[in-house]
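Chain residues, written in single-letter form:
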There are 4 protein chains.
Amino acid sequence: MDILSAAEHVFGRKGYYKATMQDIARQAQYATGTVYLYFKDKETLYFSLVEEKMRDLLALIKERTAAVRDAQEKLKIYLEEKLDFFEKNQDFFRIFILENGAAQASIDSRIATSALAKEYLACISEIMRLAQKQKLVRADMDPSQGAGIFRSISNAVIMDWLKKNMQQTLSLRQMSRFILDIFLGGARPSDETK
Amino acid sequence: MDILSAAEHVFGRKGYYKATMQDIARQAQYATGTVYLYFKDKETLYFSLVEEKMRDLLALIKERTAAVRDAQEKLKIYLEEKLDFFEKNQDFFRIFILENGAAQASIDSRIATSALAKEYLACISEIMRLAQKQKLVRADMDPSQGAGIFRSISNAVIMDWLKKNMQQTLSLRQMSRFILDIFLGGARPSDETK
Amino acid sequence: MDILSAAEHVFGRKGYYKATMQDIARQAQYATGTVYLYFKDKETLYFSLVEEKMRDLLALIKERTAAVRDAQEKLKIYLEEKLDFFEKNQDFFRIFILENGAAQASIDSRIATSALAKEYLACISEIMRLAQKQKLVRADMDPSQGAGIFRSISNAVIMDWLKKNMQQTLSLRQMSRFILDIFLGGARPSDETK
Amino acid sequence: MDILSAAEHVFGRKGYYKATMQDIARQAQYATGTVYLYFKDKETLYFSLVEEKMRDLLALIKERTAAVRDAQEKLKIYLEEKLDFFEKNQDFFRIFILENGAAQASIDSRIATSALAKEYLACISEIMRLAQKQKLVRADMDPSQGAGIFRSISNAVIMDWLKKNMQQTLSLRQMSRFILDIFLGGARPSDETK
DNA sequence: AATGAATGAGCATTCATTCAT
DNA sequence: GATGAATGAATGCTCATTCAT
């Protein structure tokens, strides 16, 4: 098993601080020192893991959303990719939701200021801007704030799914319709159900 | 300064792991050992802090929302109290958003399974249920999931406010209208702007 | 046993790098962490030890040499105090001879640039200058270089004494006459012995 | 670049402990393991380096001093060769002055008890003995002690030169006259200046 | 001969926790 | 109740050394 996978496993289960480099090395079936051949220190290992996953996810999203013009379709695709991704990378999800800035100073700021994080945010904000242009989303909302809200809602739903659906009989991807409904239309009953 | 306030100050600024018991004792103007007279260990101190604040917030919310019957009004009041509370307890906010389960396993589960947390969730879920009865909120949404989404959206907005409004010229409470709009009506343009 | 004495013992026997903080703690009959209550880190402990000893020696030398006016007498007293001091602090001598700059960069420069080291050097240079004024020492010699040579000769003799006189039947102090003779008159036979 | 030269470079700049075998291998443009084909371990590499240089220097000194009979001339030649040698091998000088026994026990004693070191000392002591026979040096001085003092004085001067003459506009060899003056005649003003 | 990835013992340092006063 | 010096287990990280290729 490669080191990043081992790190994902351990960080995901124990969190950054409780995870030890020895845990990770053991999980990767390496000696302690070997981990340091590939990653300068614990923080860098963590950072690299976040970057790798973020890069993968971003690549997927960019590729898939580029194919369509319609903002609502883009949002839907983005959401589906994200849900798929987190269904496959549940260990990583625990890490990723900290991205919002709740974890530790030095690492978080390193992540937040990384080119990739900015690109990720820019990509979602871009979709939001397009949605505004296409009158799908209200104009009086800052695109990056819109992106934050969209992410929050989806994270909340993913979290809920993780808790209630431990056996995972239900695919996370199926929640995309619901999330999009909520984001666009809110919690109020739609007209036809009134 | 009492120990819980000191803990709030230090945990809020450094996070659970970087905060040391000595930091907290120093901040409280007590000797290290004294902290242990009141709290069995670090985890318990953290847990007690979260509980105390949650109790305060919950009491406020219960008291204020009990006075009205209308679900939308209840939601508005809940939101305003929460925003006020976090504006006054910004140190605590950083702690509270971790409540979602992204921090370290043992404490998080202790918090999540605490009677108070359940009561808090129940209180919000109850409001959701009422909102469904009053046709304010769509029926096909699990009340606790609705509560999660509502909390996520407000947390996202608070976070945004914290970042962009460091000088705090704008009161957080003023965001309640916007949050409620988003939660109920979603991001789609309202009819009149169509 | 206090920590500085333990450090002197261990550093003197093992040298800076081979000495471990655990060695020192054990020697001082403390737990590892206790050493860190008093000294920030290993380097600081080492530095503090050197400073303490240097301060003691310098105080002795200043006090005793202040009492006389004659440069040759001053040199003799300086030498006797130094020899006495190193006879009593043999562990420390191994450390002190590194003072010349042969040890490790960060520590050495910290020592070399310390106020105390400068004062020590200034004190000896001052005596040299006086010796030049009193025609005891040739004028075409930089005082600090003279000090360096004087120190070198005495260090060489101390080292020799340490090697050949392990049983220490001979007092080191008795070498002062010889060292002074060599420094002032050189190795050439004196007139009367020609 | 051969391994010993690389070792000289690295040891001279970083000192024994801070120098790593990887540093040395990199400098020698070899893989880490290759160094171990030629040298059993780090200590042996260090030791071999010291021996090689000492052998070179000793060979030079022996060859050049054998040509003359006069003790003073021998001392002068010895000194000039040594100064030349260290001017060419400044990295090595930092290593060599530790030879005095201030570094780490195991290696130092290995060096001190090596046949070569003994031969080196014997060679200088022999010159001292001859100097005594020729009445150049006082009889009441142990030859090996005399050698130690002579070496100390020259080391002090070289050290001084290294510090003050970083730009190296002044050749070190030119200091030989001064060193010999000091060693033989001491610091006292010469008769003509009285 | 040469490689360099892998090893793992070893060390500096931290910090939650205890307990004699 | 209060203290704060002392503890020592735990952890990140280094680096000399090995060995399969």
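Residues numbered from 1 in each chain as written. Chains lettered and ligands numbered in written order. Predicted model: local features only at pLDDT ≥ 70, side-chain atom pairs only at ≥ 80, totals over all residues. Heavy atoms only, no water.

Things to note about helix H5 (residues 71-88) of chain A
Link 1 in the chain: The terminal C-alpha atoms of H5 of chain A lie 26 Å apart, and with 18 residues this matches the ideal 26 Å at 1.5 Å per residue to within 8%.
Link 2 in the chain: Counted residue by residue, H5 of chain A has 13 buried out of 18 residues, so it is predominantly covered. (Helix = DSSP H or I, 4+ residues; strand = E, 2+ residues; numbered from the N terminus. Expected span 1.5 Å × (residues − 1). Buried < 20%, exposed > 50% of the residue type's maximum accessible area, 1.4 Å probe, protein only.)

With respect to the UniProt feature "DNA-binding region" (unreviewed entry) in chain A
Link 1 in the chain: UniProt's entry tags residues 20-39 of chain A with the feature "DNA-binding region" (unreviewed entry), counted in the numbering of this structure.
Link 2 in the chain: Secondary structure over residues 20-39 of chain A splits into 70% helix and 0% strand, and the C-alpha atoms at its two ends are 14 Å apart. (UniProt positions renumbered as here; feature names shortened; annotations may be inferred.)

Looking at the interface of chain D and chain C
Link 1 in the chain: Facing the 42 residues of chain D at the interface are 37 residues of chain C.
Link 2 in the chain: In total, about 3,500 Å² of surface goes out of reach between chain D and chain C, with carbon and sulfur atoms giving 56% of it.
Link 3 in the chain: Inspection of the chain D/chain C interface yields two salt bridges.
Link 4 in the chain: A salt bridge links Asp181 of chain D to Arg138 of chain C; its shortest N-O distance comes to 3.7 Å. (Contact = heavy atoms within 4.5 Å. Buried area = accessible area lost by both parts, 1.4 Å probe. Salt bridge = Lys/Arg side-chain N within 4 Å of Asp/Glu carboxyl O.)

Structural notes on the protein's contact with DNA strand F
Link 1 in the chain: Close contacts around DNA strand F come from 30 residues, with Thr34 and Tyr38 of chain B, Thr34 and Tyr38 of chain C together with Met21 of chain D the closest.
Link 2 in the chain: Within 4 Å of the protein, atoms of DNA strand F come from sugar and phosphate in 66% of cases.
Link 3 in the chain: Between DNA strand F and the protein, one listed contact pairs a phosphate oxygen with a side-chain N or O atom of Tyr38 of chain B at 2.2 Å.
Link 4 in the chain: The separation between a phosphate oxygen of DNA strand F and a polar main-chain atom of Lys42 of chain D is 2.9 Å.
Link 5 in the chain: At the level of elements, helix H3 (32-38) of chain A, helix H3 (32-38) of chain B, helix H3 (32-38) of chain C together with helix H3 (32-38) of chain D are the ones that each hand at least two residues to the surface near DNA strand F.
Link 6 in the chain: Here the residues of the surface near DNA strand F sort into 14 nonpolar, twelve polar and four charged. (Near = heavy atom within 4 Å. Polar contact = N/O pair within 3.5 Å; in protein donor to acceptor, adjacent residues only side chain to side chain. Nonpolar A, V, L, I, M, F, W, Y, C, P; charged D, E, K, R; others polar.)

Things to note about the protein's contact with DNA strand E
Link 1 in the chain: Every one of the 29 residues lining DNA strand E counts as a neighbour, but Thr34 and Tyr38 of chain A, Met21 of chain B together with Thr34 and Tyr38 of chain D are closest to it.
Link 2 in the chain: In the environment of DNA strand E, a phosphate oxygen lies 3.1 Å from a nitrogen or oxygen atom belonging to the backbone of Ala31 of chain D.
Link 3 in the chain: Mapped by element, the contributors of at least two residues to the surface near DNA strand E are H3 of chain A, H3 of chain B, H3 of chain C together with H3 of chain D.
Link 4 in the chain: For the surface near DNA strand E, the element with the most residues is H3 of chain D, which contributes five residues.
Link 5 in the chain: In the surface near DNA strand E, the residues fall into 14 nonpolar, eleven polar and four charged.

Describing the interface of chain A and chain B
Where interface size is quoted, it is often the accessible area lost as the parts come together.
Link 1 in the chain: Opposite the 37 residues of chain A that make contact, chain B presents 42 residues.
Link 2 in the chain: Between chain A and chain B the total buried area reaches about 3,500 Å² when both faces are included, carbon and sulfur atoms providing 56% of it.
Link 3 in the chain: Where chain A meets chain B, there are two salt bridges.
Link 4 in the chain: Run the count over chain A and chain B and you get eight residue pairs in polar contact (both at pLDDT 80 or more).
Link 5 in the chain: Mapped onto the side of chain A that touches chain B, the elements with two or more residues apiece are helix H1 (3-18), helix H9 (143-164) and helix H10 (176-185) of chain A.

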